[in-house]
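So the chains spell out like this:
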Amino acid sequence: MEIEKDIILEVEGITKEFPGVTALDNMHFKLKKGEIHAIVGENGAGKSTLMHILGGIYKPNSGNIYIENKKVKLNNPVDATKAGIGIVFQELSLVRDLSVAENIFANRQPINRVNFIKFSSMYKEAEKMLDTFNEDIDPRTPVKYLSIDKRQLVEILKAMSSNPKILILDEPTSSLSASEIERLFINIETLKSKGISIIYISHHLQEIFKIADRVTILKDGKYVDTLEVSKVDEKKLVNLMVGREISHKYEKRGNIDRKNIVLKVDKLNHDKFYKDISFELYKGEIVGFAGLVGSGRTELAKSIFGVLKFQSGKFYLEGQDIKIKSPIDAMEKGIAYTSEDRKEEGLFLGMDICANSIVPQLKKFSQGKAFGILNEQELTNYTSELIKKFHVSTPSIRQIIRNLSGGNQQKVLLSMWLGMNPKVVIVDEPTKGIDVGARSEIYNILRQLASTGVGVIVISSELVDILSISDRILVMRTGELVASLNNDEANEKNIIEYATGVRK
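Here the residue index of a chain counts from 1 through its sequence in written order. A pLDDT threshold of at least 70 governs which residues receive local features in this predicted model, and a stricter bar of 80 or more applies before side-chain atom pairs are shown or counted, although totals over entire chains, interfaces and linings include all residues. Note that the side-chain values use all heavy atoms of the structure and ignore hydrogens as well as water.

### Comments concerning the side chain of E285
Helix and strand definitions follow DSSP, with helices as H or I runs of at least four residues and strands as E runs of at least two, each counted in order from the N terminus. Within the element layout of this structure, E285 appears in the loop between β12 (274–283) and β13 (286–291). Buried means the residue's accessible area, taken with a 1.4 Å probe over protein chains only, is under 20% of the maximum for its type, while exposed means over 50%, and partly exposed covers the values in between. For E285, a relative accessible area of 0% corresponds to the buried category. Each residue touching E285, except ones within four places of it in the same chain, is listed here: R253, I256, R258, E280, V454, G455, V456, D471 and R472. Should any heavy atoms of two residues lie within 4.5 Å, those residues are considered in contact.

### So, empty space enclosed by the protein
Any residue with an atom within 4 Å of a point lines the site, the site being either a cavity, points on a 1 Å grid over the protein atoms alone where a 1.4 Å probe fits but cannot get out, or a pocket, an open set with protein on both sides within 12 Å along at least 5 of 7 lines. Grid points are joined across faces, edges and corners, and a volume is the space filled by probe spheres set on the points. Under the defined criterion, the tally for this structure stands at two cavities of 30 Å³ or more. Taken as a whole, the largest cavity spans an internal volume of roughly 70 Å³. Around the largest cavity, the lining comprises 10 residues; the ones closest to its centre are D149, L153, R183, L184 and N187. Taken together, the elements giving at least two residues each to the lining of the largest cavity come down to α5 (148–160) and α6 (178–193). In terms of residue class, the lining of the largest cavity is built from three nonpolar, two polar and five charged. In this structure, the second largest cavity spans a volume of roughly 50 Å³. Around the second largest cavity, the lining residues are F279, F289, R297, L300, A301, I304, I426, I457 and I459. Counting residues per element, the ones that place at least two in the lining of the second largest cavity are α9 (297–304) and β18 (455–459). Counting residues per element, the lining of the second largest cavity draws most heavily on α9, which supplies four residues. Within the lining of the second largest cavity, the residues separate by chemical class into eight nonpolar, no polar and one charged. Residue polarity follows a fixed list, in which Ala, Val, Leu, Ile, Met, Phe, Trp, Tyr, Cys and Pro are nonpolar, Asp, Glu, Lys and Arg are charged, and the others, Gly among them, are polar.

Set out below in C-alpha cells:
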C-alpha cells in the first residue's frame, strides 16, 4: 500500500458476502483527515454493509482496513472504538429513561475505588461536551423529555465520548425538521474544525452539496467514483448512482374520475391533534398531504385507518356512511395504510417476505382449510407474483426482511397492503430513508395503482416528492387544513408559506 500522509482511513479490496448476495465487491475507499466525506448510492449499494464493517459489526470475507497507514482488524465494536471509529446509526440507541449524561457515558461512566459511579464528575464532563455545541441542556434530564434533534445531538456526543478520530453519521437527518437540520450542520462543522474526519451517509442529495467536501458513489456493492463536491451537480450524481435518468416532474393524468368520490372525510375532530378536517378523495386521484412535523397529518391518517380514536366526524366510502373503530373495520371496508415507521409499525423484521406479504390477508388464505393450515404452494405463488409486480430485489421469497435494503423493505410493505386490492390507500412517508431510484419506482407503483381507480393519499415531508406525485395538495398546519392546491398552482414556496402560516 502506498503511504499517503493526509489519509486517515483506507479500505482496500473489501468483499462481504451473505447467503445469495454479494453486498460489497472489492470495495475501495479513502477518507482524508479533517474532511466531511459523503457516501451515496441506491438502497442495496453496500453503504450500510461498509459502515457495519467499519464499526466491527460485520467481518469482511476479504480485504484490508488501514487507519493512519496501520493495518487494523475490527473483529467487534470494541475494536472499532479502540481504533478511533465512532458511529451514529439511523435508529438512535439511547435509553429513554436515563439522563443525558448517563447516555453519553454508557458503559464508560467514571467510577471511584469501590466501583460506584462518580455522578458529579459525569455531569461535569457531559456539561463540557454540551458547551462545545453551545447547548444549554441539563445533563441530568432524562432523554425522553428532549426533542428529536436534541436526542440526535446526545447520540453524537455518546459517540464522541470515546474521542474518535473518525465519526460516521448514517442518515442523521431522517427524522429532523429543516431548522433542526441546519443546527445539525453547524454541529458537524464544529466537529470538522476540531480535526475529526466525518463519513456522512444520506439519501438527500441536497444535503451532500451543503455539507460535504468529497463524495464517493457506490453501485451494486462496487466502488464507482470519488469526486470533489464542488465539481459535480445533482444530475451527474444521480446518473452515477442509478445509471438512468430520474424524473421528478409531475405527469398530468387523465384517469381521475371527478364524478365519483371514493372517500369523504367530514368535520373530523381530535381534541389534541387536529380539528374540523373535511376533504374529498376521488377515484383514481392522488392527494398529497404537506405540512411541518407536528401538523397532524399522520394522526389524521391513523384515525382514518382506525388506529387513533377521534371525538367527532364522519366517513363516507363511495357515498355510504361508514363506521371505522379499528384497523380491522378499515381493512374490511377496503382502506389500507402503510406506516411512516416501517421497522417498528409496518413489518415483521425477523420474518421472511412470504410471511409478511400475507399478514393483512391471513383470513383469506386460511378460509376453508382444515384447522386453518395455510397452503404453502398457494403462498409461494402469491408472494412470487407480488415480488415480480413490485420489483423487489431478493434472492428468495424466504429472505428475512431485516436483510433487505430500505427500498426493498418499503416495496414489501406496499405489496402486503396493495395485494388486498384496496379502494383507498394511505401511504405515510413512503420514501423515508430510501434512494432516488427506489423512490421513483415506488411513485410509479402508486401512479399505476391510481390508474386502476384506487384513491391514493400520500403523506410526505419531501416537497419535491409531493409535487411530483400529487394531483392535488392539501396543506396542514397545527392540526388545521389551511390550503387545497391543484398541482399546476402549487410550488415549494407557496406550500411552505401555508405550512408556516406566512400565507393565510
